[in-house]
Amino acid sequence: MKLFSDRLKDLRVNANFTQRQIAEMLGMKQQSYMRYENNTGEPNLDTVVKLCEIFDVSSDYLLGISDF
């Protein structure tokens, strides 16, 4: 099972976004976003919802509950 951080990075790379671009979309600093991909920080629920909207995926997928 892939971790949230792995799925998040895969989605970002496949969408050809930089960490800085995603951080700007979320209204945060790149360092804060980077922690999500490095598995050293966890987003709050509002941020999870925004990430799902940005990448057009379900929260179940992003959180590793579902593989699609």
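Novice: Help me out: how do you make sense of the environment of isoleucine 22 in this one?
Specialist: Take isoleucine 22: it is sitting in helix α2 (residues 19-26). Considering only alpha carbons, one finds isoleucine 22 and isoleucine 54, 32 residues apart in sequence, at a separation of 8.4 Å. When residues no more than four places from it in sequence are discounted, the contact partners of isoleucine 22 are Arg12, Phe17, Tyr33, Leu51, Ile54 and Phe55.

Novice: Could you clarify how one ought to interpret the nonpolar core in this entry?
Specialist: Taken as a class, soluble globular proteins show a tendency for nonpolar side chains to be buried jointly. In terms of nonpolar packing, the biggest core is built from 14 residues, with Phe4, Leu8, Ile22, Tyr33, Leu51, Phe55 and Leu62 touching the most fellow members. At the level of elements, α1 (4-14), α2, α3 (30-37), α4 (45-55) and α5 (59-62) are the ones that each hand at least two residues to this core. Broken down by element, the residue count for this core peaks at 4 residues, all from α4. Residues contacting leucine 51, with those up to four places away along its chain left out, are Phe4, Leu8, Ile22, Leu26, Tyr33 and Leu62.

Novice: Is there a simple way to think about the pattern of salt bridges in this case?
Specialist: Side-chain pairing between opposite charges can occur once the charged atoms of the two side chains come close. In the structure shown here, the tally under the stated rule is 3 salt bridges. Here aspartate 67 and arginine 7 are joined by a salt bridge, their closest N and O atoms 2.6 Å apart. Placement of the pair is aspartate 67 in the segment after α5 and arginine 7 in helix α1, with a sequence separation of 60 residues. On the basis of relative accessibility, which here comes to 61%, the residue aspartate 67 falls in the exposed class. On the accessibility criterion, arginine 7 (4% relative accessible area) is buried. Here glutamate 37 ties to arginine 12 by a salt bridge, and the two come within 2.5 Å at their closest N and O atoms. Here arginine 12 lies in helix α1 and glutamate 37 lies in helix α3, a separation of 25 residues in the sequence.

So, how was this worked out
- Residues numbered from 1 in each chain as written.
- Predicted model: local features only at pLDDT ≥ 70, side-chain atom pairs only at ≥ 80, totals over all residues.
- Heavy atoms only, no water.
- Helix = DSSP H or I, 4+ residues; strand = E, 2+ residues; numbered from the N terminus.
- Contact = heavy atoms within 4.5 Å.
- Core = buried A, V, L, I, M, F, W, Y, C linked by side-chain atoms within 4.5 Å.
- Buried < 20%, exposed > 50% of the residue type's maximum accessible area, 1.4 Å probe, protein only.
- Salt bridge = Lys/Arg side-chain N within 4 Å of Asp/Glu carboxyl O.

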